[in-house]
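Single-letter residue listing:
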Amino acid sequence: MTPLAPAQHPWSQRRPAAPLLILLPALVLLPLAAVLPAVVHGGGWELIGQFAFAAITPSGDPVLLASALRGLGVTVAVALLGWAVSLALGLVGGVLSSRTVWRTMAGRVWPAGALRRLLAIPRSIHELLWGLLLLQLVGLQPAVAVLAIAIPYAALVARVVSDLLDALPTAPLEALRAAGAAAPAALLTALGPALLPGVFSYGGYRLECALRSATLLGVFGLGGLGTELRLTLQSLQFHELWTCLWLLLAVMLLLEGLVRLLRRRWGMPGRFGLAAGAVGSRGRELLLATLALLPVLLLLALALGVNPAALLVVQALPPFHPDWPAVLALPWGAMVASTLLLTLLAAALAVGVAPLLLLLVAPWPWGRLLLQGLWALGRLWPPPLTALLLLFVLKPGLITAALALAFHNLGVLGRLLLEAADAAGGGAEAALRCAGCGPRLALFYGRFSGLSRSYLAYGAYRADVILRETVVVGLVGAAGLGTLLLEALSSFAVDQLLALVAVYAALTLLGEDLSDRVRHRLLAA
Amino acid sequence: MTRSGSPSGPGSGSPSLVLELRDVTVPGRGADRLAGVSLQLRAGERVALLGASGAGKSTLLAVANGLLQPSGGELFWEGAPPARSQRLRQRQRARIGTLWQDLRLIEELSVQQNLNAARLAEWGWPRALRNLLQPLETAANAAALRQVDLDPALLPQSVTALSGGQRQRLAIARLLRQQPTLLLADEPLAHLDPRLAAELLTLLLRQATAPRALLLSLHRPDLVSGFDRVLALRAGRLVLDAPPAALDAALIQSLYGAESMPALAEPR
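Residues numbered from 1 in each chain as written. Chains lettered and ligands numbered in written order. Predicted model: local features only at pLDDT ≥ 70, side-chain atom pairs only at ≥ 80, totals over all residues.

## Points about the overall build of chain B
Phase 1: Scanning chain B from terminus to terminus reveals nine helices and nine strands.
Phase 2: Along the three orthogonal principal directions, the C-alpha set of chain B runs to about 55 × 45 × 40 Å.
Phase 3: Counting over 268 residues, chain B shows a buried share of 46%.
Phase 4: When contacts within chain B are restricted to residue pairs at least 6 apart in sequence, those whose partners lie at least 24 apart make up 69%. (Helix = DSSP H or I, 4+ residues; strand = E, 2+ residues; numbered from the N terminus. Buried ≥ 20, exposed ≤ 12 C-beta atoms within 10 Å, placed from the backbone. Contact = placed C-beta atoms within 7 Å.)

If you want it as structure tokens, here you go:
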């Protein structure tokens, strides 16, 4: 008889098993189903029907098409420029906030920690808030949208780059240093090539995000196709709205396809580490592509009329007479609680519904295609517009805002889950199918088992993103900090604005810390 | 399920047919992966499948367990062709157990849950979900473990805590829990040390008694003595269907070429 391993870790009988874990967030559907009837006012089902019908009958008006294409051009240009600036700044920031770099260069690590904490502030403020704040300061100009994307994105890239740098094995670096190599040369040689694939993979993801952010900024009047989307929705011109949406969808899918192709071609790691990749094998090609991008960016900046000097000219601001007692008297507890509730609800919905839908719909003959379409629409459709659409049939409030946020994030998570499921290989699932198991049970046991922890870890990160995004649904009266923030912005209540931004930033940083812990626990398990 | 498809179904006197392939062809790039392969496997038969790498052994097993649809020819499971209805086909496939070379255990689940995964074809969702929350059918699982010389105390453990040999045995125990009539094994002895390979082979041969049949592909001609028949493939064609005694050095040489030499050197 084979010798026994000592009885250890009977974990499986105490904790929910992996496939169940992935579906746990979907339990939020139960309380939601209980409260939803009270939120429905049902007045606008006809409008929803007209909206849905318009999807197959978009307007072909040449004037509209020309205007939509111009708007799309602006959105893409803003996204590309904001992304490129953020990547450049983020790389510098990431290197400067890396403990490994500081230890090698100066023999101490505290400056890295200090810079990381400093970079947490721009990161914690959503690009929409940056956009609206900059708009107040320097007026409406193309550079505002670019900078609104570049500032928080650069801080996000910096964090990822420094995390990647600090996670790399230091043995090659120490070997080079011991052989007498100078610190900068040793860092570049030992860590540079290993860092590149991760950076470019994350950069590709940020480019996709930048397109969504540029669209969102447009919804709030910062130019581009988003403005057209909002105007056509508010004036109920659904056929015109769908013309814009189909154009945007085409560009978004093209961009995502390109990023996926390059990720595969350059051997970069997959999105949540499920498809392990080697170090980029086509360095020269990658370098040439980067160099070729520079003149393109320059031309885009010229076409867009970006003038960095104009950003230095600050507009005359109204006199600042702070009324701090009034600020303190705001219902902070209720606002923070409702913001957190909104975040949790939206995150649980997005994280839970993606695997549930995959399980229910993917085995249908056209199921995967249907899901890919639904998830593309979710990613495409900015949450404020979803919220406006939902207002046709739902009352304004937290539930409506949560549904809007959840739909958008469902698009992101659903796509990731599908990609991860494909990358993970289906050995166990195929084995179960061969043993006569039905397609759904085989998917549930065979594939979800391996995916659940990494997916939920990504879900924890997404919850952190959703907390930051709650501000964008403030306009539907979600009763959280976002609503008040937008009111403070429009009424020039600078004291309230400062306090709200500070609370929002603190909350986001706390959320980030919490989601980090959850993520590490999930992955460690 | 009709049994009229096969001329040698029950009632013909000899043990019933568990698997039958008639003139099965699977196209490949250039040459066919399987070219006109016909074979029969009866209850209680233990058949070894030999052939050099790329000869078509895995393809044949993939056709036999329904993973691969042949482009030509016919396939019969227990005398019936694969059903058109998904539900009926699932029932047919539930009676085919495959031992995969990479085992395909579900790493995130416990030994108990892995064993019960073999019963999913019979269970509905409620039971499948309960299996993830509490131990189910512990007595049957313990018996399956004992059959493969594993201690039932392993049941609550994570699969990742098992040694390589224990994992191999667990995969066989999972097959037993499925209660198949057709056992297919795709090179289960590859990459195992000689002692473990011999132990596992004995274990598999012991399980293959009527009404069950075993079709096992392997790379080592020196291990075929315990089988009733030996089939051999070369370039996708069945070139041998004979008792093990018929296998001589010249035949092995013709099957494997230079590849066979290490196997021949080992004691039988």
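## Quick look at the packing of helix α5 (residues 99–106) of chain A against helix α10 (residues 183–219) of chain A
Two numbers describe a pair of packed helices, the interaxial angle and the distance between the axes.
Residue and element names in this part refer to chain A.
Phase 1: α10 packs onto α5 with a crossing angle of 150° between their chain directions and a minimal axis gap of 9 Å. By the criterion of interaxial angle, the relationship of α5 to α10 is roughly antiparallel. In this structure, α5 meets α10 at a crossing whose hand is right-handed. In this structure, α5 contributes Val101, Thr104 and Met105 to the contact, and α10 contributes Ala183, Ala186 and Leu187.
Phase 2: Among the residues making up the contact of α5 with α10, the classes are represented as five nonpolar, one polar and no charged. (Axes fitted to C-alpha atoms, helices over the stretch in contact; angles between N-to-C directions. Parallel < 35°, antiparallel > 145°, perpendicular 65-115°, else oblique. Left-handed = near helix turned anticlockwise from the far one by under 90°. Nonpolar A, V, L, I, M, F, W, Y, C, P; charged D, E, K, R; others polar.)

## Looking at the domain arrangement of chain B
All names here are of chain B.
Phase 1: Each domain of chain B was delimited in the assignment, giving domain 1 (1–95 + 182–268) and domain 2 (104–179).
Phase 2: Distance from the C-alpha centre of domain 1 to the C-alpha centre of domain 2: 26 Å.
Phase 3: With eight residues of domain 1 in contact, the opposing surface of domain 2 contributes eight residues.
Phase 4: Counting residues per element, the side of domain 1 that touches domain 2 draws most heavily on helix α7 (residues 194–207), at five residues.
Phase 5: Class assignment of the residues belonging to the side of domain 1 that touches domain 2 gives a composition of six nonpolar, two polar and no charged. (Domains from an automatic or database assignment.)

## What to know about the sheet that holds strand β1 (residues 17–26) of chain B
Residue and element names in this part refer to chain B.
Phase 1: Spatial strand order, β2-β1-β4: three strands in an open sheet with antiparallel pairing. For this open sheet the edge positions go to β2 (34–42) and β4 (72–77), each flanked by a neighbour on one side alone. Strand-to-strand twist across the sheet, computed as the mean angle between neighbouring axes with direction ignored, equals 10°.
Phase 2: One ladder, built from five bridges, connects β1 with β4; its direction is antiparallel. Paired with threonine 25 across the strands is glycine 72, a residue of β4.
Phase 3: Sheet strands in contact with helix α1 (residues 57–64) are β1, β2 and β4, and its direction is about 120° off that of β1. (Pairing = 2+ DSSP bridges.)

## With respect to the sheet that holds strand β6 (residues 182–186) of chain B
For sheets, the rule is that strands pair by backbone hydrogen bonds, running either parallel or antiparallel.
Residue and element names in this part refer to chain B.
Phase 1: Across the sheet, six strands lie side by side as β5-β6-β7-β3-β8-β9; this open sheet has mixed pairing. Unpaired on one side and paired on the other, β5 (96–99) and β9 (237–242) mark the two borders of the sheet. Pairwise comparison of adjacent strand axes, ignoring direction, gives a mean angle of 20° for this sheet.
Phase 2: Here five bridges tie strand β8 (residues 229–234) to β9, and the two strands are oriented antiparallel to one another. Across the sheet, alanine 232 pairs through a bridge with leucine 240, a residue of β9.

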